[in-house]
Amino acid sequence: MVTGTADGRFSPRTYVVGPLPVQIEKGDFNRDGALDLAILCIGAGGAQGQQVAIMLNNGAGVFVTAPVLGLATADAAARFAVGDFNGDAWPDLAVLEPGAAQIRIGINKATALAGQFGFYERAGPIPAGFGARLIDAGRFDADARDDLIIVRTLSSARGAAAVLLARGEDFLAAGNAEFPLNPTCLVVHPIDRNGTLDCAVGGAAGGAGAACVIPGDGAGNLGAPALFALPECPAYIDAGDLDGNGTGDLVLVQSASRELVSVLVRDGEAPLPVFLRGDANGDGRLDVSDAVKSLRVLFAADPTDCAEALDVNRDGKLDISDSVYLLAYLFRAGPPPPWPFPFPGSVTPAQSLGCERVPGGPGA
């Protein structure tokens, strides 16, 4: 650990918290005005093995050497989030245990006396769904409680995000969204300019990497994901306004083979178009009329509001092979169209032939 000094230097300090620390989060757990640390260790041995431990800050950047124990877990793949889930302004813990497909909630039972606190576990775990692997917290609706977002692996090429809205010490299933990548990392941050909380997921896609941004609407719902290609699968993702234009940008660390860092800067202008690949006529579904529309665009000069939707095989050009591809999918069990399909979504302008369909419009 290094702490900053007033003259811009850093002072290193070392603390022993337990074997194999895998995750660290911050929060003022005893509400003394100084940020404390929560650290998940997954080693079997030692006093803090298989445990979320809280290291209290004395206010000068020095942490106590005897951590306060939060929740224990026997799951080596566990991850956790910090948030105020019951609305009492004290930070709580949520531990995702993928092996049991469940989330355990540790409620902060602190008193107004700084340092006198601990955690009690909410009665009964919350189901997380098969394939759950990532968790984060934030206010996805308008109340005074932090909510949870869970990201699951559906297959080697698909994942899903789901919002759980906090209701006292219970949670209510809300919005969800699927996306075409196998997730490895997650961040929650306001990314667009509408003031609501969004999320971004990084992962593996087609032998390379990708990130997708999933907008929130402030009522617990999730919108259509926008996909961004990366050269490698990212291991870590974070977000912040890097260029000062009022939108969230992404930083992703990719360490599989080339030790890359990718920075995705959002320009903050109009939202990305939302469409369904193959939906040539914009009616929100795929059928033979879309193949007919594609042929009329090619050979009868029909207009189109989304050329990218007509590129059914996503080879970067419009020709008769797109109609053939669509008809094979519809009537001969051919391969499905690439993303965005089977759900509406977006691609970056640099990877698109053009589209003018706005979120909430036909086909969205």
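Since the structure is predicted, the reported quantities are computational estimates derived from the model, not experimental observations.

Novice: Describe empty space enclosed by the protein, with residues and values.
Specialist: Scanning the entire structure with this criterion turns up 1 cavity of 30 Å³ or more. Within this model, the largest cavity holds a volume of roughly 40 Å³. In this structure, the largest cavity is lined by S294, V297, L298, L310, L318, D319 and D322. With 3 residues, helix α1 (residues 288-299) is the largest single contributor of residues to the lining of the largest cavity. Its residues assigned to classes, the lining of the largest cavity shows 4 nonpolar, 1 polar and 2 charged.

Novice: Outline the side chain of E308, listing residues and values.
Specialist: Positionally, E308 belongs in helix α2 (residues 307-310). Relative accessible area serves as the criterion here: at 2%, E308 is assigned to the buried category. In terms of polar contacts, E308 uses its side chain to reach the backbone amide nitrogen of L353, at 2.7 Å.

Novice: Mind laying out the state of the cysteines, listing which residues take part and the relevant values?
Specialist: Scanning all chains against the criterion turns up 1 disulfide. The thiol sulfur of C185 is not disulfide-bonded, and the nearest other cysteine sulfur, from C233, lies at 7.0 Å. We note that C199 lacks a disulfide partner, and the nearest cysteine sulfur, in C212, lies 7.0 Å from it. Judged by its relative accessible area of 0%, C199 falls in the buried class.

Novice: Let's hear about the sheet that holds strand β4 (residues 36-41): which residues, and what values?
Specialist: A sheet is described by the order of its strands in space; here 4 strands give the open sequence β3-β4-β5-β6, paired in antiparallel fashion. The open sheet terminates on both sides in strands that have one partner only, identified here as β3 (21-27) and β6 (68-72). In this sheet, adjacent strand axes meet at a mean angle of 25° when their direction is disregarded. Taken together, the 3 bridges between strand β5 (residues 51-55) and β6 define a ladder with antiparallel strand orientation. Following the sheet pairing, A53 is matched in β6 by L69.

Novice: Tell me about the pairing of strand β19 (residues 226-230), residues and numbers included.
Specialist: Two faces, one strand: in a regular strand the side chains alternate between the faces of the sheet. Extensive coverage of β19 is indicated by the burial of 4 of its 5 residues. Of the strand pairs in this sheet, strand β18 (residues 208-214) and β19 are connected by 5 bridges, and their pairing is antiparallel. In the strand pairing of β19, A210 is matched with A229. Bridge analysis of β19 against strand β23 (residues 346-347) gives 2 bridges, and the strand direction is parallel. Bridging from a neighbouring strand, L227 pairs with V347 of β23.

Novice: Tell me about the environment of K293, and name the residues and values.
Specialist: Among the secondary structure elements, K293 is positioned in helix α1. Taking C-alpha positions, K293 is 6.4 Å from N281, a pair spaced 12 residues apart along the chain. Not counting residues within four places of it along the chain, the set of residues in contact with K293 comprises A280, N281, D302 and P303.

Novice: Could you give an account of the sheet that holds strand β20 (residues 236-240), with specific residues and numbers?
Specialist: Pairing is antiparallel across the open sheet formed by 3 strands, whose spatial order is β20-β21-β22. Across the chains shown, the open sheet's two edge strands, defined by having one partner strand only, are β20 and β22 (260-264). Within the sheet, the average angular offset between the axes of one strand and its neighbour, ignoring direction, is 15°. The pairing of β20 with strand β21 (residues 249-254) spans 5 bridges and is classified as antiparallel. If you follow G240 over to β21, its bridge partner there is D249.

Novice: Tell me about α1, and please be specific about residues and values.
Specialist: In this model α1 runs 17 Å from its N-terminal to its C-terminal C-alpha over 12 residues, within 8% of the 16 Å that 1.5 Å per residue would give. Inspection of α1 places D290, A291, K293, S294 and V297 among the buried residues, and these make up the whole buried set. All buried residues of α1 project into a common sector of 160° when viewed along the axis, lining one side. For α1, the elements touching its buried residues are α2 and α3 (320-331). Just downstream of α1 lies A301, where phi reads positive at about 60°.

How each quantity is defined
Residues numbered from 1 in each chain as written. Predicted model: local features only at pLDDT ≥ 70, side-chain atom pairs only at ≥ 80, totals over all residues. Heavy atoms only, no water. 1 Å grid on protein atoms, 1.4 Å probe; cavity = no way out; pocket = protein on both sides within 12 Å on 5 of 7 lines; lining within 4 Å. Points joined across faces, edges and corners; volume = space filled by probe spheres on them. Helix = DSSP H or I, 4+ residues; strand = E, 2+ residues; numbered from the N terminus. Nonpolar A, V, L, I, M, F, W, Y, C, P; charged D, E, K, R; others polar. Buried < 20%, exposed > 50% of the residue type's maximum accessible area, 1.4 Å probe, protein only. Polar contact = N/O pair within 3.5 Å; in protein donor to acceptor, adjacent residues only side chain to side chain. Disulfide = S-S within 2.5 Å. Pairing = 2+ DSSP bridges. Axes fitted to C-alpha atoms, helices over the stretch in contact; angles between N-to-C directions. Contact = heavy atoms within 4.5 Å. Expected span 1.5 Å × (residues − 1). Arc of directions from axis to C-beta.

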